[in-house]
Amino acid sequence: MATPRTDTLTVEVVELIGTVVARYYAEYEQAAAKHSLTGAQARVLGLLTLEPMPMRRVAQKLRCEPSNITGIVDRLETRGLVERRPDPNDRRVKLAAPTKDGADTARRLRESLDFAREPLAGLSDEERTILRDLLKRMLGEGAPAAP
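Let us look at the structure shown here. (Residues numbered from 1 in each chain as written. Predicted model: local features only at pLDDT ≥ 70, side-chain atom pairs only at ≥ 80, totals over all residues. Heavy atoms only, no water.)

## Some points on the packing of helix H3 (residues 55–62) against helix H4 (residues 66–78)
Look at H3 against H4: their axes get within 8 Å of each other, and the N-to-C directions meet at 115°. When the axes of H3 and H4 are compared, the pair comes out roughly perpendicular. Between H3 and H4 lies a crossing whose hand is right-handed. Seen from H3, the contacting residues are Met55, Arg56, Val58, Ala59 and Leu62; seen from H4, they are Pro66, Ile69, Thr70 and Val73. Along the lines of polarity and charge, the residues of the contact of H3 with H4 split into 7 nonpolar, 1 polar and 1 charged. (Axes fitted to C-alpha atoms, helices over the stretch in contact; angles between N-to-C directions. Helix = DSSP H or I, 4+ residues; strand = E, 2+ residues; numbered from the N terminus. Parallel < 35°, antiparallel > 145°, perpendicular 65-115°, else oblique. Left-handed = near helix turned anticlockwise from the far one by under 90°. Contact = heavy atoms within 4.5 Å. Nonpolar A, V, L, I, M, F, W, Y, C, P; charged D, E, K, R; others polar.)

## Notes on a nonpolar patch on the surface
Taken together, the side chains of Leu9, Val13, Ile17, Val21, Tyr24, Tyr25, Leu120, Leu131, Leu135, Met138 and Leu139 define a hydrophobic patch exposed on the protein surface, amounting to about 970 Å² of accessible area. Of all the secondary-structure elements, those providing two or more residues to the nonpolar patch are helix H1 (8–34) and helix H7 (125–138). Counting residues per element, the nonpolar patch draws most heavily on H1, which supplies 6 residues. By the secondary structure assignment, Val21 is in helix H1. (Patch = residues over 30% accessible without salt bridge, like charges linked within 9 Å, V, L, I, M, F, W, Y side chains within 5 Å. Areas by Shrake-Rupley, 256 points an atom, 1.4 Å probe, with all protein chains shown as cover. Salt bridge = Lys/Arg side-chain N within 4 Å of Asp/Glu carboxyl O.)

Here you go:
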């Protein structure tokens, strides 16, 4: 079993990541509320604007229970922001997809999020690329670390 790193630099990096995440979520919740959405509803709507998908996949991507997503999609559907439609590849599967109003709401919500956009604007393209690649590597999505 690997020994956890508790050196000063690691502790500082972990604290900074926690601060960034907390500030992002706080702003995201405020932006969602301006559109009369909860943060969870806004995240589901934003994810569905990337591509329609079955609710089970939404739950996997957001790391929550499928029954929670069903309730969120129900509320978004009642507001006319999301619709359920048959999957063209498997008619037994229903896809959740944004309506035009839902896509417009998600776009306006994204445009109102300044927290991440403003600080990132101060970084060069190269610095943003390095940051992206490091974050992906931390999440196990990037290339393995060089020895």
